Amino acid sequence: GAVVSQHPSWVICKSGTSVKIECRSLDFQATTMFWYRQFPKQSLMLMATSNEGSKATYEQGVEKDKFLINHASLTLSTLTVTSAHPEDSSFYICSAPTPSKAEAFFGQGTRLTVV
Amino acid sequence: QKEVEQDPGPLSVPEGAIVSLNCTYSNSAFQYFMWYRQYSRKGPELLMYTYSSGNKEDGRFTAQVDKSSKYISLFIRDSQPSDSATYLCAMRVSGNTPLVFGKGTRLSVIA
């Protein structure tokens, strides 16, 4: 089946630094990708929609200057957490719908810990 | 009322049991329905997807969609301890719209 690869799977960073998370669709092109955040024992919360060649669309309450999204190609979207704080520690997951637009596959997730 | 309602459980069953997981939704525009399985600290894994009402079977898994009742189900036959995970229902209006998730049901299959 279609594969979405997310990297890194886990990262620890110091407060104030920036962290970049990559999401790649390995065997299909994705004009749209979605970024989610998940807290322990909670469901996935949509943060933003990444659009190839245009600006991302952010959900209400998500700071676009803090969570920078770049969808530079049809197979790669990146999420950069800028000036990270401990409260940004969470599980971040990307998703991409397949060209048929029916299924959506998820990356492996990135566990971010800000110390 | 939330768009998608799902009982969070936890649900505990003996090995070999038939498991029934359900979600209800309020938005009649939803057309695509999916079930994901998520193990701890992993990304969700797509199990089943369906479009429109009806049944779809894949091995031990059967997905049902009843659009008239705004109700979807996932049945797991001959459940195994390896099925222990959180199961998330998800749905979307169209291909480029984001998925709307249920809260997820935590399932434990006891050997």
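Residues numbered from 1 in each chain as written. Chains lettered and ligands numbered in written order. Predicted model: local features only at pLDDT ≥ 70, side-chain atom pairs only at ≥ 80, totals over all residues. Heavy atoms only, no water.

Novice: So what exactly am I meant to see when it comes to the overall build of chain A here?
Specialist: Helix and strand counts for chain A stand at zero helices and 11 strands. Rg of the C-alpha trace for chain A: 13 Å, near the compact-globule value of 13 Å for 115 residues, within the 12% margin. Taking contacts inside chain A between residues at least 6 apart in sequence as the whole, the part at least 24 apart equals 53%. Computed over 10 positive and 9 negative side-chain charges, the separation of the two mean positions in chain A equals 5 Å. (Helix = DSSP H or I, 4+ residues; strand = E, 2+ residues; numbered from the N terminus. Rg over C-alpha atoms; globule rule 2.2 N^0.38 Å. Contact = heavy atoms within 4.5 Å. Lys, Arg positive; Asp, Glu negative; His and termini not counted. Charge placed at Lys NZ, Arg CZ, Asp CG, Glu CD.)

Novice: Teacher, can you tell me more about the confidence of the model for chain A here?
Specialist: Mean pLDDT for chain A: 92, with 97% of residues reaching 70 or above. When mean pLDDT is compared element by element in chain A, strand 11 (residues 110-114) of chain A scores highest at 97, while strand 10 (residues 104-106) of chain A scores lowest at 88. (pLDDT = per-residue confidence, 0-100.)

Novice: Before we go on, may I ask you to explain the state of the cysteines in this structure?
Specialist: Two cysteines form a disulfide when their sulfur atoms are joined by a covalent bond. The tally for this structure, following the rule as stated, stands at two disulfides over all chains. The disulfide bridge from Cys-23 of chain B ends at Cys-89 of chain B, spanning 2.0 Å between sulfur atoms. Between Cys-23 of chain B and Cys-89 of chain B, the S-S dihedral sits near -100°, and the bridge is therefore left-handed. Placement of Cys-23 of chain B in strand 3 (residues 19-25) and of Cys-89 of chain B in strand 9 (residues 85-92) is noted, with a sequence separation of 66 residues between them. Residue Cys-23 of chain B shares its accessibility class with Cys-89 of chain B, and that shared class is buried. Unpaired in this structure, Cys-13 of chain A has its nearest cysteine sulfur neighbour in Cys-94 of chain A, at a distance of 18 Å. Take Cys-13 of chain A: its relative accessible area is 8%, and that puts it in the buried class. (Disulfide = S-S within 2.5 Å. Buried < 20%, exposed > 50% of the residue type's maximum accessible area, 1.4 Å probe, protein only.)

Novice: Would you explain the interface of chain A and chain B in this entry?
Specialist: It is common to report an interface's size as the accessible area lost on association of the parts. Between chain A and chain B, the residue contacts involve 21 residues of the former and 21 residues of the latter. Approximately 1,700 Å² of surface area, both sides summed, lies buried where chain A meets chain B, with 60% of it carried by carbon and sulfur atoms. Summed over the shared surface of chain A and chain B, the result is zero salt bridges. For the pair chain A and chain B, the number of links is five residue pairs in polar contact (both at pLDDT 80 or more). Elements that contribute at least two residues to the side of chain A that touches chain B include exactly strand 4 (32-38), strand 5 (44-51), strand 9 (90-97) and strand 10 of chain A. Examining the composition of the side of chain A that touches chain B, we find that four residues originate from one element, strand 4 of chain A, more than from any other. For the side of chain A that touches chain B, the class distribution of residues is 11 nonpolar, six polar and four charged. (Buried area = accessible area lost by both parts, 1.4 Å probe. Salt bridge = Lys/Arg side-chain N within 4 Å of Asp/Glu carboxyl O. Polar contact = N/O pair within 3.5 Å; in protein donor to acceptor, adjacent residues only side chain to side chain. Nonpolar A, V, L, I, M, F, W, Y, C, P; charged D, E, K, R; others polar.)

Novice: Please clarify how the pattern of salt bridges should be interpreted in this entry.
Specialist: Note that side chains of opposite charge can pair when their charged atoms are close. Residues and elements named next belong to chain B. Evaluation of the coordinates by the stated rule reveals five salt bridges over all chains. The shortest N-O distance in the salt bridge between Arg-37 and Glu-45 comes to 3.1 Å. Relative accessible area serves as the criterion here: at 12%, Arg-37 is assigned to the buried category. Owing to a relative accessible area of 35%, Glu-45 belongs among the partly exposed residues under this scheme.

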